[in-house]
Amino acid sequence: MKKFIKIFGYEENALREVLDRIFADASMAEYQLFSKYLDSKVVVEGEFDSDIDKYLLTIYDVFGGAVYCDEDKTLEECVVEFLTLYGKTVGTAESLTGGALASKIVDVAGASKVFHSGIVSYSNKAKVDYLGVSELTLNAHGAVSAEVCYQMAQGLLTDPNLYYGVSTTGLASSGGEESPEKPVGLVYIGIADEVRCEVFKYQFEGTRQEIRIKTVNSALFRLLERIKRPVDFSNMVVN
């Protein structure tokens with residue numbers, strides 16, 4: 001028998017080190033780890049459910065909120081599933097990810113029910129024109145900043161068809177904009193709804209493509225976290 005558990009936010013080597021300790025005394029169960037771009041799938045196999053569940057419970061205890069699913073589902077599949085369940089919609093405002101976040105979401109069957117729109121605001125002018133980002137904020141803090149990321153996410157919510165707004169901005173490669181204060185790999189992700197807007201700061205390592213994919217995955221995880229917060233279940237959509 002086998003069961004799955006999905007964990008986000010750990011590099012493969014760090015995650016494997018912890019799992020090896022958890023399974024150090026295992027005789028009736030074993031694990032396999034599949035990890036890429038901070039997104040990991042742990043497959044636990046054993047002859048009996050009770051043997052598997054013992055280790056799954058330990059994994060839950062150790063990793064807590066980093067565990068996002070107990071099925072073999074992707075981050076984007078979980079996002080679409082929960083948005084559909086709660087009858088909510090999402091839109092994206094992307095700079096460094098260039099539409100990759102929106103693409104991930106719409107790759108999921110049924111995404112048309114929950115994904116409303118995506119804006120690729122790569123230039124500063126686009127951020128001002130389409131999202132209402134303040135030129136004063138851009139001049140004072142630069143495009144790669146918590147302040148601009150915040151305004152990008154908030155700008156999406158001027159559309160009444162959106163419940164969640166997700167924004168991304170950052171430096172994925174050396175292009176003359178980096179500095180000691182803003183190194184390559186610096187990323188900001190904004191998650192906004194009608195109640196609050198949170199901005200998360202990351203410092204990613206890797207190639208340009210690796211940084212961009214890590215940003216997309218992190219945005220999906222942060223959105224999923226927000227969607228899963230306590231909600232008014234009276235509006236739940238049950239098929």
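In what follows, the accompanying structure is described. Fair warning: this is a prediction, and the values are worked out from it, not measured in the lab.

Criteria and cut-off values
Residues numbered from 1 in each chain as written. Predicted model: local features only at pLDDT ≥ 70, side-chain atom pairs only at ≥ 80, totals over all residues. Heavy atoms only, no water. Axes fitted to C-alpha atoms, helices over the stretch in contact; angles between N-to-C directions. Helix = DSSP H or I, 4+ residues; strand = E, 2+ residues; numbered from the N terminus. Parallel < 35°, antiparallel > 145°, perpendicular 65-115°, else oblique. Left-handed = near helix turned anticlockwise from the far one by under 90°. Contact = heavy atoms within 4.5 Å. Nonpolar A, V, L, I, M, F, W, Y, C, P; charged D, E, K, R; others polar. Buried < 20%, exposed > 50% of the residue type's maximum accessible area, 1.4 Å probe, protein only.

1. Here we look at the packing of helix H1 (residues 12-22) against helix H2 (residues 49-63)
Moving on, step 1. Taken N-terminus to C-terminus, the directions of H1 and H2 make an angle of 135 degrees; their axes are 11 Å apart at the nearest point. Overall, the two elements H1 and H2 adopt an arrangement that is oblique. Remark: the crossing between H1 and H2 carries right-handed chirality. Touching Leu15, Val18, Leu19 and Ile22 of H1 are Tyr55, Thr58, Ile59, Val62 and Phe63, all from H2.
Moving on, step 2. Looking at side-chain class alone, the contact of H1 with H2 contains eight nonpolar, one polar and no charged residues.

2. Here's the deal with unusual backbone geometry
Moving on, step 1. With a phi close to 55 degrees, tyrosine 37 is a non-glycine residue in the positive phi region.
Moving on, step 2. Tracing the backbone through its elements, the reader meets tyrosine 37 in the loop between strand S2 (29-36) and strand S3 (39-46).
Moving on, step 3. Positioned with a positive phi, leucine 38 is a non-glycine residue whose angle comes to about 75 degrees.
Moving on, step 4. Among the residues examined, leucine 38 registers a relative accessible area of 8% and is labelled buried.

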